[in-house]
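# Overview (structure and organization)
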Amino acid sequence: MAKRKLSEAEARKVSQAVRHAKLVDTSRRIARMVTHKDPPAASVKKRKSLEKSLGPWLRYYLPDLFPLRWSRDQRKAIKKIQRALDHGGLFAFAMARGGGKTTIVKGAVLYAILSGRRKYVVPIGATADLATAIIDSVRQQLMENEKLYKHYPHVCEYARRTEGKAIKARFQLRADGKASGIRWSNTTLVLPEVLSPKTGKPYASNGAIVEAHGLTGAIRGKWKDTKTGKTLRPDFVIPDDPQTRESAESVAQCNARERIITGDVLGLAGPRKKIAAVMPCTIIRKGDFAERFLSHEIHPEWQGEISSLVIKWPDAQETLWKQYAEIYREDVADGRETARATDFYRKRRSRMEKGATVSWAE
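All figures in this text were calculated on a predicted structure; none of them were measured in a lab.

It is worth spelling out the layout of surface pockets at this point. Of the volumes computed, that of the largest pocket is approximately 340 Å³. Forming the boundary of the largest pocket are 18 residues, of which Asp 38, Val 44, Arg 47, Lys 48 and Tyr 203 lie nearest the centre. In terms of residue count, the dominant contributor to the lining of the largest pocket is helix α2 (residues 41-50) (three residues). Counted by class, the lining of the largest pocket contains seven nonpolar, five polar and six charged residues.

So, on to the packing of aromatic side chains. Taken as a whole and judged by the stated rule, the model has ten aromatic pairs. Ring geometry for Trp 57 versus Tyr 61: centroids 4.8 Å apart, planes at 45°, classification tilted. Remark: Tyr 61 and Trp 57 occur in helix α3 (residues 54-61); sequence separation between them is four residues, near one turn of the helix. Pair check on accessibility: Trp 57 and Tyr 61 agree, each one buried. Consider the rings of Trp 57 and Tyr 111, whose centres lie 5.5 Å apart with planes at 65°: the pair is edge-to-face.

Time to look at the pattern of salt bridges. Tallied over the entire structure, the rule returns 22 salt bridges. Where Arg 245 meets Glu 249, a salt bridge forms, and the shortest distance between an N and an O atom there is 4.0 Å. Of the two residues, Arg 245 and Glu 249 are both situated in helix α10 (residues 245-249); the distance of four residues between them amounts to about one turn of the helix. Close ionic contact of Asp 331 with Arg 340 constitutes a salt bridge, the shortest N to O distance being 2.9 Å.

Topologically, Tyr 324 is positioned in helix α13 (residues 320-333). The residues touching Tyr 324, leaving out its near neighbours within four places in the chain, are Ala 341, Thr 342, Phe 344, Tyr 345 and Met 352.

Moving on, we come to the nonpolar core. Of all hydrophobic cores here, the largest spans 52 residues; its most connected members are Trp 57, Leu 114 and Leu 142. Ignoring any residue separated from it by four or fewer positions in sequence, one finds Trp 57 in contact with Leu 50, Glu 51, Leu 62, Gly 107, Leu 110, Tyr 111, Leu 114, Leu 148 and Tyr 152. The next biggest cluster of nonpolar side chains, apart from the first, holds 27 residues, and it includes Ala 94, Leu 215, Leu 232 and Ile 275.

So, about unusual backbone geometry. A negative phi angle characterises most non-glycine residues, just as the trans form characterises most peptide bonds. Residues other than glycine seldom take positive phi values, yet Glu 163 does so here, at roughly 55°. Considering the arrangement of structural elements, one finds Glu 163 in the loop between α8 (153-161) and α9 (166-170). The backbone phi angle of Asp 241 is positive, close to 45°, even though this residue is not glycine.

What follows deals with empty space enclosed by the protein. Inspection of every chain in the model, using the stated rule, returns two cavities of 30 Å³ or more. Each pocket or cavity is described by its volume, and for the largest cavity that value is around 90 Å³. The wall of the largest cavity is formed by Ser 71, Asp 73, Ala 94, Met 95, Ala 96, Gly 99, Ser 307, Ser 308, Leu 309, Ser 359 and Trp 360. When its residues are assigned to classes, the lining of the largest cavity shows five nonpolar, five polar and one charged. Each pocket or cavity is described by its volume, and for the second largest cavity that value is around 30 Å³. Looking at the second largest cavity, the residues that line it are Asp 73, Lys 76, Ala 77, Lys 80, Phe 93, Met 95, Glu 305 and Ser 307. Ranked by the residues each element gives to the lining of the second largest cavity, the list is headed by helix α4 (residues 72-87), at four residues. When grouped by side-chain class, the residues that make up the lining of the second largest cavity number three nonpolar, one polar and four charged.

Put simply, α2 and α3 touch, their axes get as near as 8 Å, and they point 130° apart. In terms of orientation, α2 and α3 fall into the oblique class. Counting all contacts with α2, which are made through Lys 46, Arg 47 and Leu 50, the residues of α3 involved are Pro 56, Trp 57, Tyr 60 and Tyr 61. Looking at the contact of α2 with α3 residue by residue, the classes come out as five nonpolar, no polar and two charged.

As a further point, take the pairing of strand β10 (residues 276-281). Taking burial as the measure, the six residues of β10 include six buried ones, the bulk of the element. The alternating pattern of β10 places Ala 276, Val 278 and Pro 280 and Ala 277, Met 279 and Cys 281 on opposite faces, both of which are buried. As paired strands, strand β1 (residues 90-94) and β10 are joined by five bridges and run parallel to one another. Among the inter-strand pairings, Phe 93 is bridged to a residue of β10, identified as Pro 280. Pairing of strand β9 (residues 236-240) with β10, which is carried by two bridges, proceeds in the parallel orientation.

Tracing the backbone through its elements, the reader meets Asp 38 in the loop between α1 (8-32) and α2. For the buried Asp 38, which has no salt bridge, the nearest side chain bearing the opposite charge is Lys 198, at an N-O separation of 5.5 Å. Looking at Asp 38, its side chain comes within polar contact range of the side chain of Ser 196, at 2.4 Å. A distance of 2.3 Å separates the side chain of Asp 38 from the side chain of Tyr 203, its partner in a polar contact. Among residues more than four places away in sequence, those in contact with Asp 38 are Ser 196, Pro 197, Lys 198 and Tyr 203.

Relative to the helices and strands, Ser 49 is located in helix α2. Distance from Ser 49 to Pro 153, taken between C-alpha atoms, is 17 Å for residues 104 residues apart in sequence.

The rules behind these values
Each chain carries its own residue numbering, running from 1 in the written order of its sequence. Local features in a predicted model are, by the rule used here, given only for residues with pLDDT of at least 70; side-chain atom pairs are given and counted only at 80 or more, and totals for whole chains, interfaces and linings are based on all residues. Only hydrogens and water are set aside when side-chain values are computed; all heavy atoms of the structure are taken into account. Using protein atoms alone on a 1 Å grid, points that fit a 1.4 Å probe yet trap it form a cavity, whereas open point sets bounded by protein on both sides within 12 Å along at least five of seven lines form a pocket; residues with an atom within 4 Å of a point count as lining. Grid points are joined across faces, edges and corners, and a volume is the space filled by probe spheres set on the points. Helical segments are the DSSP runs of H or I of at least four residues, strand segments are the runs of E of at least two, and each set is numbered from the N terminus. Gly counts as polar in this scheme, as do all residues outside two lists: the nonpolar Ala, Val, Leu, Ile, Met, Phe, Trp, Tyr, Cys and Pro, and the charged Asp, Glu, Lys and Arg. Only rings of Phe, Tyr and Trp enter the pairing, Trp through its six-membered ring, and a pair is recorded when the two centres are within 6.5 Å. The plane angle decides the type: under 30 degrees is stacked, over 60 is edge-to-face, the rest tilted. Relative accessibility thresholds used throughout: buried, under 20% of the residue-type maximum; exposed, over 50%; partly exposed, between the two (1.4 Å probe, protein chains only). Definition used for salt bridges: Asp or Glu carboxyl oxygen within 4 Å of a side-chain nitrogen of Lys or Arg. The contact criterion used is simple: two residues touch if any of their non-hydrogen atoms lie within 4.5 Å. By nonpolar core is meant a set of buried Ala, Val, Leu, Ile, Met, Phe, Trp, Tyr and Cys residues that side-chain atoms within 4.5 Å join together. Here the axes come from fitting lines to C-alpha atoms, over the contacting stretch only for helices, and the angles between their N-to-C directions go from 0 to 180 degrees. Put simply, angles under 35 degrees are roughly parallel, angles over 145 are roughly antiparallel, angles from 65 to 115 are roughly perpendicular, and the rest are oblique. DSSP-based pairing: two strands are paired if at least 2 bridges between them are found. Only four residue types enter the charge count: Lys and Arg as positive, Asp and Glu as negative, with His and the chain ends excluded. Counting of polar contacts relies on pairs of N or O atoms within 3.5 Å, with two restrictions inside protein: one atom must be capable of donating a hydrogen and the other of accepting it, and residues adjacent in sequence are counted only when both atoms are side-chain atoms.

See the structure below:
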């Protein structure tokens, strides 16, 4: 059947429709494109100086999370994390509740991926919800932290333009029209792969991955293909307080979690490769999961260290403090306020605190 030739009017309509479709497509692509400007040379110099050490980096970029002076144990924890990031190794350290372990871990994850020290970081929580809370924290900092935005626009600009939506991240484009590579999900965060508009070179943070898991979830065989065609496997894991009170009370659960760490977790890097790991933990009972990994006899491959809030009890522990305790118990038992006990302490404070040494003066 012979094809009918379009009239001039029909041809104009077709041409207009094609131009309109191209215009719409181009407009949509432009709307999805994200560009950024490199910081001034002074800001880059400041960023590189701070990246040399985790402690100052946390202080500068996350001042709201770390308003107090470091405790002795926090300094030790930061030093262990720095060593693991720079040189590898397995480190476990026990700190008391409220000592800032998880907050330091959240900051360390940001530091590791933004500085380019690690490409595939896996935070592991006692439960999946605790692990994904780290992802949420990292995402929030990338989208809202002004100091990070000033020094890392090659990450933060792309994060902000997603508006926290996974679909916007998936279809985001960089200046050359190619996919930026940024990805959001409840459990995984992938940083964009972009080039410097000044030098045309990639950034150290390009394509870095954070993937959170609960310890008892599907944690084996983790890998990701990058935009450049490489396959990444985890190179840094952080089992953050990887036991619950319930699991600590169960010998069977402690045994299972111990096997997961020694087998599945330490094998994430792949055959014949060693993975770096830092495990902040809290001992809940004698012989629990945490105490096992802190023991040099049971797990000599882990460099374990236990910290205490009180290093030395006060000289009056068996005298004035006992009197204070009796007054306190009497008032509480009789339904009265504790004003008498507080007054007793205030009048004798210097004597009651003499000889005491604590790990964190704050």
